[in-house]
Amino acid sequence: MKVRTYAESTTHELGRALASLLVPADVLLLSGDLGAGKTALVKGIAQGLGVREPITSPTFNILRVHPGKLSLYHMDLYRLENPNQLEDIDYFGTLEADGVSCVEWGDRFSQAAPEEHVAVAISILGDNDRELLIEGAGARGQELAAQWMRAASLLSGMEVHL
Amino acid sequence: MTIDDLDTAVAIERASFPRPWTRAMFAEDLSRDDRVWIAAETGGRLCGYAGATWHADEAHIMNLAVESAHRQQGLATALLSELLELLVCRGVHRATLEVREHNDAARRLYESAGFRAVGARPGYYTETGEDAVIMWTDDLAAPGASARLEVLGEHAAQALSDVPANELVLAIESSCDETAAAVMRGGTELLSSVVASQVDFHSRFGGVVPEIASRKHTEAIVAVIDEALTEAGVGFSDLDAIAVTYGPGLVGALVVGLAYAKGLALATGLPLVGVNHLEGHIFANMLADERVAPPLVALVVSGGHTSLVHMPEWGVYRTMGETLDDAAGEAFDKVAKFLGLGYPGGPIISKLAEAGNAAAIDFPRAMMHSGDYSFSLSGLKTSVINHIRHERDAGREVDVPDLAASFQQAVIDVQVSKAVKAVKETGVGTFCLAGGVAANRALRQAMTLAMEANGVLVSVPPFALCTDNAAMIAAAGTHRLRRGDRLDLDAEAVPNLRLGE
């Protein structure tokens, strides 16, 4: 499934639409070049989850926990050098915890993908144009991806290809 | 002091004075806004208090009492000096009080704070027939008087604390990548400072490179602390206190240093002091330059932080603004990475920028005119990346030095403009540039130029103190120790800890 957006604010809206569908232990794996809009999408999700504090970059701290209607675990694997370090940061424990995980650079290690997840790959097509490739894995991941895209097709400012 | 304290206050009052204040008198007084009341507590329970009323530039000290079990510890001196400082902040220049003529201890206390006997009210205390001695201060806001108050307050705080002067403090820092320990005497004399990424350390301990992993901190921490003690020539039994960073930072990393510090405090019975990592960076400036003291404004810029902090007095912090997205150092790293220049990005970009034209590309100065102290660097990062893509798509070679210089200038312009605004608004005379990005030469120069134009003292620590270390935690920890701050043994790491909370 693909979504085409033409402004950062639309990517943000897409995040907000996803927030209302999320349940504890849902995992979103985000990939895309620097500046693609991974954090913009997470900001939208955070707003939808009722997170009040600013969503600052997790690159340095690796994990930031934001309290909301559901806890948001915002992770960034950018600085990790090898998959052994996933254990060091209690990555798998966090994914299974009682909140929603958004993992930037979540495609960095094949071991990083849990069975159930939604993968979002963002490509930069122009200064403000982005294409988001969305794939659900596992029963819950596929269900969530499909629900999300149905919700997105009702929004304006983006093109959804189911 | 609040209404909840009144039962205890009335009990102290009855035990202290022949003519005690009643509960109703306290309650009425506490509700008035031309009064200042301050309290001293021990174990969460009131053990002393002081109150004054003021009008225009004159104040009247109405009451000062300390529970008998806590007398002779400097508590009354601390209460008096604190009360006078608060009054001076409200515009008071002179203060007066009445004291029983035979209360020698009280008269000595007031004289030490600058009060002089100027007259008497004969037979004022009818219960004993004693005269009241009327005492007045000279101008409290005059430079000599305020310095004396400060010294008095420091001596009192020292006397109050459960540690001796020239205290020996072991400090532990593990908030991010570095495992570090330091031993310091008296808050300034550094006996050792070990950072686990030091080259000689690696070779001695088998090439342990602590990365982001708490496991790596766990592996390194015992050896790092042993090394710090050995280098200082001291053992655990020589220490007077333990200071540890408890936030902000990576939770898995913070807990390692904190767990070690708590364990050591439990085993040795030594007091444990918690330090905010950003506060540590500000104290690095004080270690490097003894003229640096509050009131000041500090900009802490590093790979993980971009925070503008107002420190009006010792122990008081107000976070004026922070980044809403990426930290300054992170923006440097990400741009360098995108250009394939390596890590860390700061030194590489600043080197390249020296050969480039800072006005070549007009990158956005985000939030420059937002009117507040928030920073945003994510948009700048995206603009730089878009620029590179456009050049490549057009088949042009990216002029890397021009790009580096223009990007760096955009970062610097915003940092300088916000810092200058903060210094002007708070009216402070001292500015500290702190954290790893403070090593950026162009930023140092721009900041120094802008601040000196405003007559402000600028402090930039040497590079070794800019990056994470435990010496700065020891200095900040010693200050907290003297103020009586203690961390409970069940305290937890606070990854999002903000200064002033």
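Residues numbered from 1 in each chain as written. Chains lettered and ligands numbered in written order. Predicted model: local features only at pLDDT ≥ 70, side-chain atom pairs only at ≥ 80, totals over all residues. Heavy atoms only, no water.

Comments concerning the overall build of chain B
What chain B contains, in helices and strands, is 16 helices and 16 strands. C-alpha atoms of chain B, sized along the principal axes, occupy 100 × 50 × 35 Å. A burial count over chain B gives 53% of its 501 residues as buried. In the structure as shown, chain B presents an accessible area of about 21000 Å², 51% of it carried by carbon and sulfur atoms. (Helix = DSSP H or I, 4+ residues; strand = E, 2+ residues; numbered from the N terminus. Buried < 20%, exposed > 50% of the residue type's maximum accessible area, 1.4 Å probe, protein only. Areas by Shrake-Rupley, 256 points an atom, 1.4 Å probe, with all protein chains shown as cover.)

Description of the confidence of the model for chain B
Residues and elements named next belong to chain B. For chain B, the mean per-residue pLDDT works out to 88, and 92% of the residues sit at or above 70. Residue range residues 198-211 is modelled with pLDDT below 50. Its contacts to residues more than four positions away, or to other chains, number 29 contacts. Of the two predicted TM-score estimates for the complex, the pTM is 0.72 and the ipTM is 0.82. (pLDDT = per-residue confidence, 0-100. Contact = heavy atoms within 4.5 Å.)

Quick word on the packing of aromatic side chains
Taken as a whole and assessed by the stated rule, the structure comprises 11 aromatic pairs over all chains. Ring centres of A:Y91 and A:F92 lie 5.1 Å apart, and the angle between their planes is 80 degrees; this geometry places the pair in the edge-to-face category. By relative accessible area, which is 0% here, A:Y91 ends up buried. Exposure remark for A:F92: the relative accessible area of 28% places this residue in the partly exposed category. Geometrically, the ring pair formed by B:Y124 and B:Y125 is edge-to-face, given 5.0 Å between the ring centres and 90 degrees between the ring planes. Here B:Y124 falls in the partly exposed class, since its relative accessible area comes to 34%. We classify B:Y125 as buried; its relative accessible area is 11%. Ring pairing ties together the aromatic residues B:W21, B:F26, B:W37 and B:Y49, which thus form one cluster. When the ring centre of B:Y125 is taken as origin, the NZ or CZ atom of B:R100, which lies over that ring, is 4.0 Å away. (Phe/Tyr/Trp six-rings, centres within 6.5 Å; stacked < 30°, edge-to-face > 60°. Lys NZ or Arg CZ within 6 Å of the ring centre and 35° of its normal.)

Some thoughts on the packing of helix α13 (residues 400-426) of chain B against helix α14 (residues 441-453) of chain B
Residue and element names in this part refer to chain B. Taken N-terminus to C-terminus, the directions of α13 and α14 make an angle of 35 degrees; their axes are 10 Å apart at the nearest point. Both α13 and α14 take part in a crossing whose hand is right-handed. Across from Q408, I412, Q415, V416, A419, V420 and V423 in α13, the residues of α14 making contact are A442, L443, A446, M447, A450 and M451. Among the residues forming the contact of α13 with α14, the class breakdown is 11 nonpolar, two polar and no charged. (Axes fitted to C-alpha atoms, helices over the stretch in contact; angles between N-to-C directions. Left-handed = near helix turned anticlockwise from the far one by under 90°. Nonpolar A, V, L, I, M, F, W, Y, C, P; charged D, E, K, R; others polar.)

Focus on the nonpolar core
As a rule of thumb, soluble globular proteins bury nonpolar side chains together. Residue and element names in this part refer to chain B. Formed by 47 residues in total, the largest nonpolar core has its most connected members in F407, F431, M447 and M451. Contributing elements (two or more residues each) for this core: β12 (296-301), α10 (328-338), α11 (345-353), α12 (378-393), α13, β15 (430-434) and α14. Among all residues touching M451, those that are not within four sequence positions of it are A419, V420, V423, F431, V456 and V458. Judged by nonpolar contacts, the second largest core, of 34 residues, contains V275, A298, A470 and A474. (Core = buried A, V, L, I, M, F, W, Y, C linked by side-chain atoms within 4.5 Å.)

Concerning the sheet that holds strand β16 (residues 457-459) of chain B
Residue and element names in this part refer to chain B. Ordered by their spatial adjacency, five strands build an open sheet running β14-β13-β12-β15-β16, and the pairing between neighbours is mixed. With one partner strand each, in any of the chains shown, β14 (316-322) and β16 form the two edges of the open sheet. The mean inter-strand angle of the sheet, taken between neighbouring strand axes irrespective of direction, is 20 degrees. When β12 meets β15, the two strands line up parallel, connected through five bridges. Across the sheet, residue L296 finds its bridge partner in β15, namely T430. α14 rests against β12, β15 and β16 of the sheet, and its axis sits at about 170 degrees to β15. (Pairing = 2+ DSSP bridges.)

Comments concerning the interface of chain B and chain A
At the junction of the two partners, chain B supplies 28 residues and chain A supplies 26 residues. When chain B packs against chain A, close to 2300 Å² is buried across both sides, 51% of that on carbon and sulfur atoms. For A:D127, the salt bridge is made with B:R389, and the minimal N-O distance between the two is 3.2 Å. Of all elements in the fold, only α7 (214-232), α10 and α12 of chain B reach the threshold of two or more residues within the side of chain B that touches chain A. A per-element tally of the side of chain B that touches chain A places α12(B) first, with six residues. (Buried area = accessible area lost by both parts, 1.4 Å probe. Salt bridge = Lys/Arg side-chain N within 4 Å of Asp/Glu carboxyl O.)

Some words on the pairing of strand β6 (residues 130-137) of chain B
Within a regular strand, side chains alternate between the sheet's two faces. All names here are of chain B. Counting buried residues along β6, seven of its eight residues qualify, which places the element largely inside the surrounding structure. Sheet topology places strand β4 (residues 94-100) next to β6; five bridges connect them, and they run antiparallel. Within the sheet, the bridge partner assigned to L97 lies in β6 and is M135. Examined bridge by bridge, strand β5 (residues 115-125) and β6 share seven bridges and lie antiparallel to one another. Residue F115 lies in a different strand from β6, and its bridge partner there is T137. From the end of β5 to the start of β6, which pair antiparallel, there are four residues, and G129 there has a positive phi angle of about 75 degrees.

A few points about the pattern of salt bridges
Summed over the entire model, instances satisfying the criterion amount to 25 salt bridges over all chains. Between A:R140 and A:D26 there is a salt bridge, with its nearest N and O atoms 2.7 Å apart. With A:R140 in helix α5 (residues 138-152) and A:D26 in the loop between α1 (8-19) and β2 (27-32), this pair connects stretches of sequence that are 114 residues apart. Each member of the pair A:R140 and A:D26 is classed as buried. Residues B:R365 and B:D362 are paired through a salt bridge, measuring 3.9 Å at the closest nitrogen-oxygen approach. Residue classification places B:R365 among the partly exposed positions, given a relative accessible area of 24%.

Considerations on the side chain of B:H310
Residues and elements named next belong to chain B. Mapped onto the elements, H310 comes out in strand β13 (residues 306-313). Residue class for H310 comes out buried when judged on its relative accessible area of 11%. Contacts of H310, omitting those with residues within four sequence positions, involve L296, V297, V316, Y317, R318, M320, T426 and V428.

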